Amino acid sequence: MSDLVLQGLTKRFGEFTAVDALDLTVPAGSFFALLGPSGCGKTTTLRMAAGLEEPTAGRILLGDRDITGLRPHQRPVNTVFQSYALFPHLDVAGNVAFGLRRRGVRDHAAEVARMLELVQLDGLGRRRPAQLSGGQQQRVALARALVNRPQVLLLDEPLGALDLTLTRRMQVELKRIQTEVGITFVHVTHDQEEAMTMADTVAVMNAGRIEQLGRPAELYEFPQTPFVANFLGQSNLLAAEVVERGAGYVAVRAYDNRYSVPAGRCRAAGPAAYLGVRPEKVHLAEAAAQVPAGHDSVAGVVTDWSYVGVGNRYLVRAPWGTELAVFSPNTGEGYYPPLGGEVVVHWDPAHAFLLDREPGAG
Ligand code: ATP
């Protein structure tokens, strides 16, 4: 097993750069997600890795073997697409056996049975694709790709056509299957929850580039750019100026208020920053209440409230007009203010972070 390495990988369509000098290493055996909004270049990157699209520049390596010039079937790489592209005239077993037959493997019944068991379709080998549900067809596509024992499996929005309940189930299934077979999975999705649920490592893509790469918790807890802060969940981002870089902390001024973050949570190199704090990391208190010692705070008025089962979502308008999002879990404890109520939003500075307002500044 080898790492999949993309070096300066670039794809231009005419004047338009879809993938912009991507440098990326996907560790062997990992479940890797390429996450980004529609049009950011995820599929184009995957198609280049599969050999379906020729790079304008750059190289693709498996370990130290350069596979950039190899045709798709010469690469130890398989792809599962959103449209399962099953052969309608072949039954399930025939679809799964297809790759083996093409390679001249004659005695494939045991291997096909093993694959069907892996994707939990045992007993359905004789069915035609038209007699299967969407989720079952997706599993056949997966088994058909895995039976070739590729080093790398590329998955292009493979759950995109399934309903929400089935999608959630297949996310857990895919993770189980990846752990079981140990093959490197590169999964393309625009769904941040999907990426975070399944992947060991997530690369967040924006406009042909990687904005940040890391473990899901790392990306969520400490995003590096405003784009990542807002693409993964929701962030309150207050425009702030850095006023002091002290021992162990960085202080900022935002609309006459002074706030701080631990130095280790500051990614702002320049003076123009965003102070970020997630909605579930802030708390509400009555206007007159004492906030806990050491907490930073802002006073405001509740402008919106919604009950979402697991908790309550509030919008609180600060005196300067910015609206802060607050999520209060439904623990039965805590303060649940009315619409129009005057409140204080407060948080432990250890959970805040600082970003450059203009990435690359400083
Ligand atoms: P989605 O989630 O919508 O599939 P994506 O992130 O996978 O989006 P790509 O399909 O890689 O995005 O496309 C990246 C950009 O390149 C888009 O702006 C797209 O319009 C453009 N593009 C893709 N293929 C071609 C092509 N063959 N010719 C011209 N432009 C293309």
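Residues numbered from 1 in each chain as written. Predicted model: local features only at pLDDT ≥ 70, side-chain atom pairs only at ≥ 80, totals over all residues.

### Digging into the overall build of the protein chain
Thought 1: Scanning the protein chain from terminus to terminus reveals eight helices and 20 strands.
Thought 2: On the principal axes, the C-alpha backbone points of the protein chain span a range of 80 × 45 × 35 Å.
Thought 3: Buried residues in the protein chain amount to 38% of all 362 residues.
Thought 4: Restricting to contacts in the protein chain with at least 6 residues of sequence separation, those with at least 24 account for 65%. (Helix = DSSP H or I, 4+ residues; strand = E, 2+ residues; numbered from the N terminus. Buried ≥ 20, exposed ≤ 12 C-beta atoms within 10 Å, placed from the backbone. Contact = placed C-beta atoms within 7 Å.)

### Section: the sheet that holds strand 13 (residues 257–262)
Thought 1: Here five strands make up an open sheet; going across it, the order is 13-12-11-14-20 and the pairing antiparallel. On the outer flanks of this sheet lie strand 13 and strand 20 (353–356), each paired with one strand and no other. Neighbour to neighbour, the strand axes of the sheet diverge by 45° on average, direction disregarded.
Thought 2: Of the strand pairs in this sheet, strand 11 (residues 236–245) and strand 12 (residues 249–254) are connected by four bridges, and their pairing is antiparallel. Bridge pairing in strand 12 places arginine 245 opposite valine 250. (Pairing = 2+ DSSP bridges. Axes fitted to C-alpha atoms, helices over the stretch in contact; angles between N-to-C directions.)

### Some details on the site of the ligand
Thought 1: If you check the shell around the ligand, you find Phe13, Ala18, Gly36, Ser38, Gly39, Cys40, Gly41, Lys42, Thr43, Thr44 and His190 and nothing else.
Thought 2: Broken down by element, the residue count for the shell around the ligand peaks at three residues, all from helix 1 (residues 42–50).
Thought 3: Residues of the shell around the ligand, tallied by class, amount to three nonpolar, seven polar and one charged. (Near = placed C-beta within 6 Å. Nonpolar A, V, L, I, M, F, W, Y, C, P; charged D, E, K, R; others polar.)

### What to know about the pairing of strand 14 (residues 272–277)
Thought 1: In terms of residue burial, strand 14 counts as a mostly covered element, since five of its six residues are buried.
Thought 2: Two strands pair when backbone bridges link them, and strand 11 and strand 14 are joined in this way by six bridges, in the antiparallel orientation. Paired with asparagine 236 across the two strands is valine 277, which belongs to strand 14.

### Quick word on the environment of threonine 197
Thought 1: Looking at the element boundaries, threonine 197 is found in helix 6 (residues 192–198).
Thought 2: Taking the C-alpha atoms as reference points, threonine 197 and valine 243, 46 residues apart in sequence, are found 38 Å from one another.

### Describing helix 5 (residues 164–181)
Thought 1: For helix 5, built from 18 residues, the straight-helix expectation of 26 Å at 1.5 Å per residue is met to within 8% by its first-to-last C-alpha distance of 26 Å.
Thought 2: Among the residues of helix 5, those classed as buried are Met170, Gln171, Leu174, Ile177 and Gln178. In an axial view of helix 5, the angular spread of the buried residues amounts to 140°, which keeps them on one side of the axis. Away from the buried face of helix 5 by more than 90 degrees, exposed residues Thr165, Val172, Arg176, Thr179 and Glu180 are located.
Thought 3: Its buried side turned inward, helix 5 meets strand 3 (31–35), helix 3 (109–118), helix 4 (134–146), strand 8 (184–189) and helix 6.
Thought 4: Count one or two residues on from helix 5 and you reach glycine 182, which has phi positive near 70°. (Expected span 1.5 Å × (residues − 1). Arc of directions from axis to C-beta.)

### Topic: the environment of proline 158
Thought 1: Its location among the elements puts proline 158 in the loop between strand 7 (152–156) and helix 5.
Thought 2: For proline 158 and tyrosine 84, which are 74 residues apart along the polypeptide, the C-alpha to C-alpha distance reads 7.9 Å.
Thought 3: Look past the residues within four positions of proline 158 in its chain and what remains in contact with it is Val80, Gln82 and Gln138.

### Description of the UniProt feature "domain: ABC transporter" (unreviewed entry) in the protein chain
Thought 1: UniProt marks residues 4–232 with the feature "domain: ABC transporter" (unreviewed entry), using the numbering shown here.
Thought 2: This span, residues 4–232, is 35% helix and 27% strand, and a straight line between its end C-alpha atoms measures 25 Å. (UniProt positions renumbered as here; feature names shortened; annotations may be inferred.)

### Side note on the pairing of strand 18 (residues 323–329)
Thought 1: With burial as the criterion, only one face of strand 18 is covered, namely that bearing Leu324, Val326 and Ser328; the residues Glu323, Ala325, Phe327 and Pro329 on the opposite face remain uncovered.
Thought 2: Taking the residues between adjacent antiparallel strands as the criterion, strand 17 (residues 311–317) and strand 18 are bridged by five residues, where glycine 321 takes a positive phi near 105°.

### Considerations on the packing of helix 2 (residues 92–102) against helix 4
How two helices pack is summed up by the angle between their axes together with the distance between the axes.
Thought 1: At their nearest, the axes of helix 2 and helix 4 sit 7 Å apart, and the two run at 30° to each other. Here helix 2 is positioned roughly parallel relative to helix 4, judged by the angle of their axes. Taken as a pair, helix 2 and helix 4 cross one another with a handedness that is right-handed. Contacts from Val92, Asn95, Val96, Phe98 and Gly99 of helix 2 reach helix 4 at Val140, Ala143 and Arg144. (Parallel < 35°, antiparallel > 145°, perpendicular 65-115°, else oblique. Left-handed = near helix turned anticlockwise from the far one by under 90°.)

### A closer look at unusual backbone geometry
Thought 1: A positive phi angle is found at alanine 21, which is not glycine, with a value near 50°.
Thought 2: By the element assignment, alanine 21 lies in strand 2 (residues 16–26).
Thought 3: Residue glutamine 120 is not a glycine yet carries a positive backbone phi of 60°.
Thought 4: Among the residues examined, glutamine 120 registers 14 C-beta atoms within 10 Å and is labelled partly exposed.

### A few points about the sheet that holds strand 16 (residues 296–307)
Thought 1: Judged by pairing direction, the sheet is antiparallel, and its five strands sit side by side in the order 15-19-16-17-18 without closing on themselves. Both outer strands of the open sheet, strand 15 (282–286) and strand 18, are each paired with one neighbouring strand and no more. Put simply, the sheet's adjacent strands are angled 45° from each other on average, direction ignored.
Thought 2: With five bridges joining them, strand 15 and strand 19 (residues 342–347) adopt antiparallel strand pairing. Across the sheet, the residue bridging to valine 282 is tryptophan 347, located in strand 19.

### Observations concerning the nonpolar core
Thought 1: Val96, Ala143, Val186, Leu275 and Leu354 are the most contacted members of the largest nonpolar core, which has 95 residues in total.
Thought 2: At six residues, the largest contribution of residues to this core is made by helix 4.
Thought 3: Lining this core are residues from two domains, each supplying at least three of them: domain 1 (4–221) and domain 2 (234–356). (Core = buried A, V, L, I, M, F, W, Y, C linked by C-beta atoms within 7 Å. Domains from an automatic or database assignment.)

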